[in-house]
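So the chains spell out like this:
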Amino acid sequence: MAGWLWIYLLGYVPQTLLLLYASLGLAGLRTSVARLGVPAFTLSVITLGLRVSLPPQWSAAAQLVALILGMRFFRLASLLGAIAASALGFILVAVADLVVVAPLLYWLGLSPVEASQNWLVYLLMGIVEGTLVYAAALAVWLKNLSVLPITRWEKVLAERREGQ
């Protein structure tokens, strides 16, 4: 039980906070880190619960839906913005899994099942998994990086609707 508490406090909460910040920023929906505190704590509890209770093949899809709904519930983004930001965030995590975590597990001689059975290794792999999220959050914070200007797209869509 204590292992899951450490995983939650040191793994899920910071990664969820930075995932929200980076993905919203990359979608052109900048917000302050302070505004993301309560959503990050709430969504990290939800994602931890989903990861523990669902089969592995369903947990990622359920977490994506939870992130989209969480962004809408906490009024961080429109539906289009929440979908785009969540997709960007999950792409970052998936690429980090392929490029960083998988080679590291291979190098250490661990299978994903073995890594998930030891809470400390699981926590460290989760931190490593966030490598690209951390880099993106830093780029959003320092350089105001945005790859999808969602607010501009929403304005164009609104103008098209008015023109009809």
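So, how was this worked out
- Residues numbered from 1 in each chain as written.
- Predicted model: local features only at pLDDT ≥ 70, side-chain atom pairs only at ≥ 80, totals over all residues.
- Heavy atoms only, no water.
- Buried < 20%, exposed > 50% of the residue type's maximum accessible area, 1.4 Å probe, protein only.
- Helix = DSSP H or I, 4+ residues; strand = E, 2+ residues; numbered from the N terminus.
- Arc of directions from axis to C-beta.
- Polar contact = N/O pair within 3.5 Å; in protein donor to acceptor, adjacent residues only side chain to side chain.
- 1 Å grid on protein atoms, 1.4 Å probe; cavity = no way out; pocket = protein on both sides within 12 Å on 5 of 7 lines; lining within 4 Å.
- Points joined across faces, edges and corners; volume = space filled by probe spheres on them.
- Core = buried A, V, L, I, M, F, W, Y, C linked by side-chain atoms within 4.5 Å.
- Contact = heavy atoms within 4.5 Å.
- Phe/Tyr/Trp six-rings, centres within 6.5 Å; stacked < 30°, edge-to-face > 60°.
- Axes fitted to C-alpha atoms, helices over the stretch in contact; angles between N-to-C directions.
- Left-handed = near helix turned anticlockwise from the far one by under 90°.
- Nonpolar A, V, L, I, M, F, W, Y, C, P; charged D, E, K, R; others polar.

Some remarks on helix α6 (residues 119–129)
In an α-helix there are 3.6 residues to a turn, and that puts residues three or four apart on one side.
Point 1. Restricting attention to buried positions, one finds in α6 the residues Tyr 122, Leu 123, Met 125, Gly 126 and Glu 129. Relative to the axis of α6, the buried residues are bounded by an arc of 165 degrees and lie together on one face.
Point 2. Near the N-terminus of α6, the side chain that reaches the backbone nitrogen of Leu 120, with its oxygen 3.0 Å away, is that of Asn 118.

Comments concerning the layout of surface pockets
Point 1. Taken as a whole, the largest pocket encloses approximately 1000 Å³ of empty space.
Point 2. Lining the largest pocket are 33 residues, with Tyr 12, Arg 51, Asp 97, Tyr 122 and Glu 129 sitting closest to its centre.
Point 3. Elements supplying a minimum of two residues to the lining of the largest pocket: α1 (2–26), α2 (37–53), α3 (56–73), α4 (79–108), α5 (112–117) and α6.

Looking at the nonpolar core
Point 1. Of all hydrophobic cores here, the largest spans 27 residues; its most connected members are Leu 20, Leu 24 and Met 71.
Point 2. Secondary structure elements with two or more residues in this core: α1, α2, α3, α4 and α7 (131–143).
Point 3. If near-sequence neighbours (up to four positions away) are discounted, Leu 24 is found in contact with Leu 19, Leu 29, Arg 30, Thr 31, Leu 36, Met 71, Leu 76, Ala 77 and Ala 85.
Point 4. One finds Tyr 12, Val 13, Leu 48 and Leu 123 within the second-largest nonpolar core, a separate group that totals 7 residues.

Quick look at the side chain of Ser 44
Point 1. Mapping Ser 44 onto the fold places it in helix α2.
Point 2. A distance of 3.4 Å separates a polar atom in the side chain of Ser 44 from a polar atom in the side chain of Tyr 8.
Point 3. Among the polar contacts made by the side chain of Ser 44, one reaches the main-chain carbonyl oxygen of Phe 41 at a distance of 2.9 Å.

Some words on the packing of aromatic side chains
Point 1. Applying the stated criterion to the full structure yields 2 aromatic pairs.
Point 2. Their ring planes at 85 degrees and their centres at 5.1 Å tell us that Phe 73 and Phe 74 sit as a pair that is edge-to-face.
Point 3. Given the relative accessible area of 22%, Phe 74 is considered partly exposed.

Description of unusual backbone geometry
Point 1. Positive phi values are uncommon outside glycine, yet Arg 75 reaches one of about 55 degrees.
Point 2. Following the sequence through the fold, Arg 75 ends up in the loop between α3 and α4.
Point 3. Unlike most non-glycine residues, Asn 144 shows phi in positive territory, near 55 degrees.
Point 4. With respect to the element layout, Asn 144 can be found in the loop between α7 and α8 (150–163).

Regarding the environment of Ser 146
Point 1. Here Ser 146 shows up in the loop between α7 and α8.
Point 2. Relative accessible area serves as the criterion here: at 35%, Ser 146 is assigned to the partly exposed category.
Point 3. What Ser 146 contacts, discounting residues up to four positions off in sequence, is Gly 25, Leu 26, Ala 27 and Gly 28.
Point 4. Here the side chain of Ser 146 touches Gly 28 through a polar contact of 3.3 Å, landing on its backbone nitrogen.

Re the packing of α4 against α8
Point 1. Viewed as axis vectors pointing N to C, α4 and α8 meet at an angle of 145 degrees, and their least axial separation amounts to 10 Å. Along this stretch, α4 crosses α8, giving a crossing that reads as right-handed. Facing Leu 80, Gly 81 and Ala 84 of α4, the residues of α8 in contact are Ile 150, Glu 154 and Leu 157.
Point 2. A per-class count over the contact of α4 with α8 returns 4 nonpolar, 1 polar and 1 charged.

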